[in-house]
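Architecture at a glance
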Amino acid sequence: MSAPRLRSLRPVRPAVPGDGPALGELDRATWSTLHAVQPRPQPPYEPFFDDRHRPEDILVAEAGTEAEPGAVAGAGEVRLAGYLRLVRPTPLACNAHVRQIQGLAVAGWARRHGVARALLHAAYAEARRQGAGRLTLRVLGHNSAARALYEAEGFAVEGVLPGEFFLGGRYVDDVLMGRSLTA
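Scope of this entry: the structure provided in the associated data block. What you are looking at is a predicted structure, and each value in this text was computed from that prediction instead of being measured.

What follows concerns the pattern of salt bridges. Counted by the stated rule, this structure contains 9 salt bridges. The partner of E126 in a salt bridge is R129, and the shortest N-O contact between them spans 2.6 Å. Here E126 pairs with R129, and both are found in helix α2 (residues 115-129), just 3 residues apart, close to one helical turn. When its relative accessible area of 60% is taken as the criterion, R129 is described as exposed.

In structure tokens, the structure reads:
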């Protein structure tokens with residue numbers, strides 16, 4: 001079976017508990033030392049949702065796909081194209097105005113079609129709805145594609161932890177980025 005082709009991006013929506021299996025599958029399919037500091041997931045897989053990773057913290061992007069060649073016209077399906085995890089970075093009241101992106105993944109077949117950008121825009125709106133005025137994230141220094149996207153979206157580098165992680169046989173910087181949500 002060939003990879004699906006993205007036909008149309010649906011509005012980003014909050015996750016629901018039933019999304020867990022598909023989100024877990026997407027998480028495993030996109031795992032890479034380009035962005036992950038945890039070891040590659042191995043079976044038996046943990047559930048995607050748990051006490052620290054709740055459906056209400058996840059924004060989901062779905063896309064309509066084109067039908068497989070030879071299928072009935074219009075027989076494409078709606079598939080999970082990506083997700084973004086948006087949380088408070090600490091439980092402290094003095095930090096309640098900040099939200100942090102702690103995960104963004106896009107299926108390989110859906111990349112370069114605006115899925116990550118749509119998720120970011122939905123995160124800005126959701127963070128504002130929650131009363132946040134600032135959004136932060138951490139990105140690995142060697143993930144140049146993600147860094148370029150974040151910079152194009154108004155994030156600025158606010159700090160670098162040199163050689164913070166040892167991944168794939170080399171030391172990798174942890175880059176801290178942030179942006180205002182009030183402008």
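Attention now goes to the layout of surface pockets. Of the pockets and cavities examined, the second largest pocket occupies roughly 190 Å³. What lines the second largest pocket is A22, E25, L26, A29, T30, R79, L80, A107, G108 and W109. By residue class, the composition of the lining of the second largest pocket is 6 nonpolar, 2 polar and 2 charged.

A separate point is the side chain of E153. Looking at the element boundaries, E153 is found in the loop between α3 (144-152) and β7 (156-167). Excluding residues within four positions of it along the chain, E153 makes contact with R117, L120, H121, Y124 and R179.

To continue, consider the side chain of T30. The residue T30 is located in helix α1 (residues 20-30) in this model. The exposure class of T30 is buried, given its relative accessible area of 7%. Engagement of the side chain of T30 in a polar contact is seen with the backbone oxygen of L26, the distance being 2.9 Å.

On to the packing of aromatic side chains, then. Each aromatic ring pair is summarised here by two numbers: the centre-to-centre distance and the angle between the ring planes. One pass over the structure, following the stated rule, counts 5 aromatic pairs. Ring centres of F48 and F49 lie 5.3 Å apart, and the angle between their planes is 80°; this geometry places the pair in the edge-to-face category. Across the pair, exposure class does not vary: F48 and F49 are buried alike. Measuring from centroid to centroid gives 6.5 Å for Y124 and F155, while their planes differ by 45°, and the two rings are tilted.

Between its first and last C-alpha atoms α2 spans 21 Å; for 15 residues at 1.5 Å apiece the expected length is 21 Å, and the two agree. Three or more residues of α2 are buried, namely V115, A116, L119, L120, A122, A123, Y124, E126 and A127. Looking one or two places after α2, you find G131, whose phi comes out positive at around 95°.

So, on to empty space enclosed by the protein. Summed over the entire model, instances satisfying the criterion amount to 1 cavity of 30 Å³ or more. There is about 30 Å³ of room inside the largest cavity. What lines the largest cavity is simply E56, D57, I58, L59, L86, E126 and Q130. Its residues assigned to classes, the lining of the largest cavity shows 3 nonpolar, 1 polar and 3 charged.

The next thing to look at is the pairing of strand β4 (residues 78-87). Across the 10 residues that make up β4, a large majority, 8, are buried. Sheet topology note: the strand β3 (residues 58-65)/β4 ladder contains 7 bridges and is antiparallel. Directly across from A61, in β4, lies its bridge partner G82. With 5 bridges joining them, β4 and strand β5 (residues 98-106) adopt antiparallel strand pairing. Counterpart to L86 in the pairing with β5 is I101.

On to unusual backbone geometry, then. Residues P43 and P44 are joined by a peptide bond in cis, for which omega reads -5°. Note that P44 resides in the loop between α1 and β3.

Rules used throughout
- Residues numbered from 1 in each chain as written.
- Predicted model: local features only at pLDDT ≥ 70, side-chain atom pairs only at ≥ 80, totals over all residues.
- Heavy atoms only, no water.
- Salt bridge = Lys/Arg side-chain N within 4 Å of Asp/Glu carboxyl O.
- Helix = DSSP H or I, 4+ residues; strand = E, 2+ residues; numbered from the N terminus.
- Buried < 20%, exposed > 50% of the residue type's maximum accessible area, 1.4 Å probe, protein only.
- 1 Å grid on protein atoms, 1.4 Å probe; cavity = no way out; pocket = protein on both sides within 12 Å on 5 of 7 lines; lining within 4 Å.
- Points joined across faces, edges and corners; volume = space filled by probe spheres on them.
- Nonpolar A, V, L, I, M, F, W, Y, C, P; charged D, E, K, R; others polar.
- Contact = heavy atoms within 4.5 Å.
- Polar contact = N/O pair within 3.5 Å; in protein donor to acceptor, adjacent residues only side chain to side chain.
- Phe/Tyr/Trp six-rings, centres within 6.5 Å; stacked < 30°, edge-to-face > 60°.
- Expected span 1.5 Å × (residues − 1).
- Pairing = 2+ DSSP bridges.

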